[in-house]
Amino acid sequence: MAGQEQQVRVSIPVSALKRAGIDRDDQLQLKVRNEALVLEKIKPRQPQWQQYLIIWPLLVAILSGLASYGYWWFQKVRPVPLTGAQSIGSLTIVAGVVTGAVLFVGFFLKTRNDPENRFSRHIYWRNFPVITIAFIMILAFALVGAFWVLELLFPDVIFDRFTSMLLLVLFTYFADAFMISAALTINARSLSTILTVVIVSGCVISMAANGQRRWWQHNLSFLGTHAAENAWQFNLTLIFSALLMVVLIDYLFVSLSRIYPRTWRTSTLRILLTLTAVDFGAVGLFPNNLTFHWLHDLVAGGLVTLLVLLIVGVRWLLPAVTKDFLWLSYGVGVVLLLLNFGFRWFGYPSLTAFEIQAFAISFGWLLMLFSRLQALVNEDPELLTIKLEQESTAGQ
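In this text, all values refer to a predicted model and were calculated from it rather than measured experimentally.

Rules and cut-offs
- Residues numbered from 1 in each chain as written.
- Predicted model: local features only at pLDDT ≥ 70, side-chain atom pairs only at ≥ 80, totals over all residues.
- Heavy atoms only, no water.
- Helix = DSSP H or I, 4+ residues; strand = E, 2+ residues; numbered from the N terminus.
- Contact = heavy atoms within 4.5 Å.
- Areas by Shrake-Rupley, 256 points an atom, 1.4 Å probe, with all protein chains shown as cover.
- Buried < 20%, exposed > 50% of the residue type's maximum accessible area, 1.4 Å probe, protein only.
- Expected span 1.5 Å × (residues − 1).
- Polar contact = N/O pair within 3.5 Å; in protein donor to acceptor, adjacent residues only side chain to side chain.
- Axes fitted to C-alpha atoms, helices over the stretch in contact; angles between N-to-C directions.
- Parallel < 35°, antiparallel > 145°, perpendicular 65-115°, else oblique.
- Left-handed = near helix turned anticlockwise from the far one by under 90°.
- Nonpolar A, V, L, I, M, F, W, Y, C, P; charged D, E, K, R; others polar.
- Core = buried A, V, L, I, M, F, W, Y, C linked by side-chain atoms within 4.5 Å.
- pLDDT = per-residue confidence, 0-100.
- Phe/Tyr/Trp six-rings, centres within 6.5 Å; stacked < 30°, edge-to-face > 60°.

### What about the overall build of the protein chain?
Consideration 1: A count of helical and extended segments in the protein chain gives 13 helices and 6 strands.
Consideration 2: Within the protein chain, contacts between residues at least 6 apart in sequence are counted, and of these 72% link residues at least 24 apart.
Consideration 3: Here the protein chain displays about 23,100 Å² of accessible surface, and carbon together with sulfur accounts for 65% of that area.

Next up, the structure:
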C-alpha cells in the first residue's frame with residue numbers, strides 16, 4: 001500500500017557546527033527529549049583504553065595486594081592489624097595514593113589528546129600539577145577518614161595475611177577506579193566541587209584537631225597560628241584552595257574569550273577574581289602570629305575590599321548579567337554589611353561566628369559567580385537562524 005511520509009529538511013549554519021565541534025562529514029542523530037529536539041554527533045566506538053576502565057584498577061590493585069603480602073611476609077607481620085604501623089590501613093593509603101596518582105596522570109593525558117574532550121584540551125600545563133595534587137589530596141583524605149571510621153567501629157581487630165591482602169585489594173581498587181573516573185570526567189563543574197571539598201574538609205579537620213583548645217573563643221584565624229594544633233593544615237588549605245581558584249578562573253576566562261570578545265570589562269573581572277584568589281591564599285601564607293599580625297590584617301582587609309568591588313561591579317563587568325543574579329549579589333552585599341555593623345556596633349554575632357558566616361556567604365557567592373561564568377561558556381550569545389524546508393518522500 002502506497003503511503004507518503006512528510007519530512008522536513010533543516011539547514012544549519014556552518015559556524016554553529018564548528019562551535020559544536022561537528023564536521024560536515026560527521027554522522028548526526030536526532031532525539032526528542034523533554035519536548036525538545038536534540039541534534040548530536042554519533043560518537044565513534046570508544047577507544048580501547050577507555051574500555052579498560054574496570055580492568056586497569058583491578059590489575060593495579062591485585063599487584064598492590066601481592067606486594068603488600070610480600071611485605072608482611074618479609075617483615076614477619078602476623079597477624080595484621082587494621083590500623084597502625086604496617087597495618088592494612090597504612091599500606092592501603094600508601095598504595096592507593098601512589099597508584100591512584102599514576103593512573104590519574106596517565107588517563108588525564110589520554111583525555112587531553114581526545115578531540116571529544118573539550119575541557120581537558122583547554123587546560124594549560126601550568127594548571128595540571130594543581131589539579132593532580134587536588135585529586136590526590138581528596139583521595140588521601142577519603143582513605144584516612146575511611147580507616148578512622150573503621151577503627152572506631154572495629155577496635156583492635158586483626159586479620160591473617162591472605163584476608164588482609166584481599167581487603168587491601170578491595171580498597172585500592174575503589175581508590176584507583178575513583179581516580180580513573182575523575183580523569184575521564186573532569187570538567188569545570190567538578191573543579192568547583194573540588195574547591196568546595198578542599199576548603200570545607202580542610203577547615204573542618206583543623207577545627208576538629210583544635211577542639212580541645214577552645215579555638216572558637218578566639219577567632220577563625222586562630223586555627224592558623226602557632227598556638228593552634230596542626231596549624232599547617234589550616235594554612236595549607238587556604239593556600240591550595242587559592243591555587244585551585246586560580247586554575248578555575250584561568251580556564252573559565254580562556255573559554256569565555258572564545259565566545260565573547262575580550263574587553264576591559266571581562267579583563268577587569270578576571271583581574272579582580274585572580275587578586276581575590278591570591279589574597280585568599282595570602283591569608284594562609286601570613287598567619288595571624290606576632291610576626292605577621294599586621295600583614296595578616298592587611299590581606300584580610302584587602303579580601304573584603306575585593307569582594308565589595310566584585311559585588312558592586314558585577315553589574316558592569318559580568319557579560320549578559322541577569323536581573324536575578326544581580327539582585328542576589330546586592331542581597332549578599334546587604335547581608336554582609338548587616339553582619340559587619342552588627343558585630344562592630346552591638347557585638348553580635350561573636351567574632352568567630354561573624355567570620356564563619358561572612359566567609360560562608362562570600363564563598364557561596366563566588367561559587368555562584370563561577371557557575372554563571374560556566375553557563376556563559378556553554379551558552380551561545382549569538383542567535384543563529386536555521387531554515388526548515390518541507391519535502392515529501394514516497395514510501396511503499
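Next comes the rest of the write-up.
### As for the side chain of threonine 266
Consideration 1: When you line up the elements, threonine 266 lands in helix α10 (residues 264-285).
Consideration 2: A relative accessible area of 9% places threonine 266 in the buried class.

### Digging into helix α7 (residues 161-185)
Consideration 1: The end-to-end C-alpha distance of α7, which contains 25 residues, comes to 36 Å, matching closely the 36 Å that a straight helix rising 1.5 Å per residue would cover.
Consideration 2: Capping the start of α7 is the job of one residue whose side-chain oxygen sits 3.1 Å from the backbone nitrogen of phenylalanine 162: aspartate 160.

### Points about the packing of helix α6 (residues 128-153) against α7
Consideration 1: Interhelical geometry of α6 versus α7 gives an angle of 155° and a closest axis separation of 11 Å. When the interaxial angle is binned, α6 and α7 end up roughly antiparallel. Of the two possible hands of crossing, α6 and α7 adopt the one that is right-handed. Here α6 contributes Phe135, Ile136, Ile138, Leu139, Leu143, Phe147 and Leu150 to the contact with α7, which in turn contributes Phe171, Ala175, Phe178, Met179 and Ala182.
Consideration 2: Broken down by class, the residue content of the contact of α6 with α7 amounts to 12 nonpolar, no polar and no charged.

### Description of unusual backbone geometry
For residues other than glycine, phi is negative in most cases, and the peptide bonds are mostly trans.
Consideration 1: With omega at -5°, the peptide bond leading from arginine 78 into proline 79 counts as cis.
Consideration 2: Locating proline 79 in the fold gives a position in the loop between α3 (55-74) and β4 (80-81).
Consideration 3: With phi around 60°, aspartate 156 is a residue other than glycine that occupies positive phi space.
Consideration 4: By the secondary structure assignment, aspartate 156 is in the loop between α6 and β5 (158-159).
Consideration 5: Phi angles above zero are rare outside glycine, and alanine 320 is one such case at about 50°.

### Side note on the nonpolar core
Proteins that are soluble and globular tend to have nonpolar side chains buried together.
Consideration 1: In this structure, Leu273, Phe370 and Leu373 are the most contacted members of the largest nonpolar core, which totals 76 residues.
Consideration 2: Among the elements that take part in this core, helix α9 (residues 231-256) stands out by supplying 13 residues, more than any other.
Consideration 3: Setting aside residues no more than four positions away along its own chain, leucine 273 makes contact with Ile249, Phe253, Leu310, Leu366, Leu369, Phe370 and Leu373.

### What to know about the confidence of the model for the protein chain
Consideration 1: Per-residue confidence for the protein chain gives a mean pLDDT of 80, with 80% of residues at or over 70.
Consideration 2: Per-residue pLDDT, averaged within each element of the protein chain, yields its smallest value for helix α2 (residues 48-51) (54) and its largest for α3 (94).

### Side note on the packing of aromatic side chains
The description of an aromatic ring pair uses the distance of the two centres, along with the angle that the planes make with each other.
Consideration 1: For the coordinates displayed, the defined rule picks out 11 aromatic pairs.
Consideration 2: Seen from their ring centres, phenylalanine 104 and phenylalanine 135 are 4.9 Å apart, and the 35° between their planes marks the pair as tilted. One end of the pair, phenylalanine 104, is in helix α4 (residues 88-112); the other, phenylalanine 135, is in helix α6, with 31 residues separating them in the sequence. Across this residue pair, the class does not change: phenylalanine 104 and phenylalanine 135 are buried.
Consideration 3: Consider the rings of tryptophan 327 and tyrosine 330, whose centres lie 6.2 Å apart with planes at 90°: the pair is edge-to-face. Remark: tyrosine 330 and tryptophan 327 occur in helix α12 (residues 323-346); sequence separation between them is 3 residues, near one turn of the helix.
Consideration 4: Ring-pair connections join several aromatic residues into one group, and the members of that group are Phe104, Phe108, Phe128 and Phe135.

### Details of α9
Consideration 1: For α9, with 26 residues, the first-to-last C-alpha span of 38 Å sits near the 38 Å given by 1.5 Å per residue.
Consideration 2: Counting buried positions along α9 yields 21 of 26 residues, so the element is predominantly enclosed.

### Notes on the environment of isoleucine 249
Consideration 1: Note that isoleucine 249 resides in helix α9.
Consideration 2: What makes isoleucine 249 buried here is its relative accessible area of 1%.
Consideration 3: The spacing of isoleucine 249 and phenylalanine 370 is 121 residues in sequence and 7.9 Å in space, taken between C-alpha atoms.
Consideration 4: Once residues within four sequence positions are removed from consideration, isoleucine 249 is found in contact with Arg270, Leu273, Thr274, Ala277 and Phe370.

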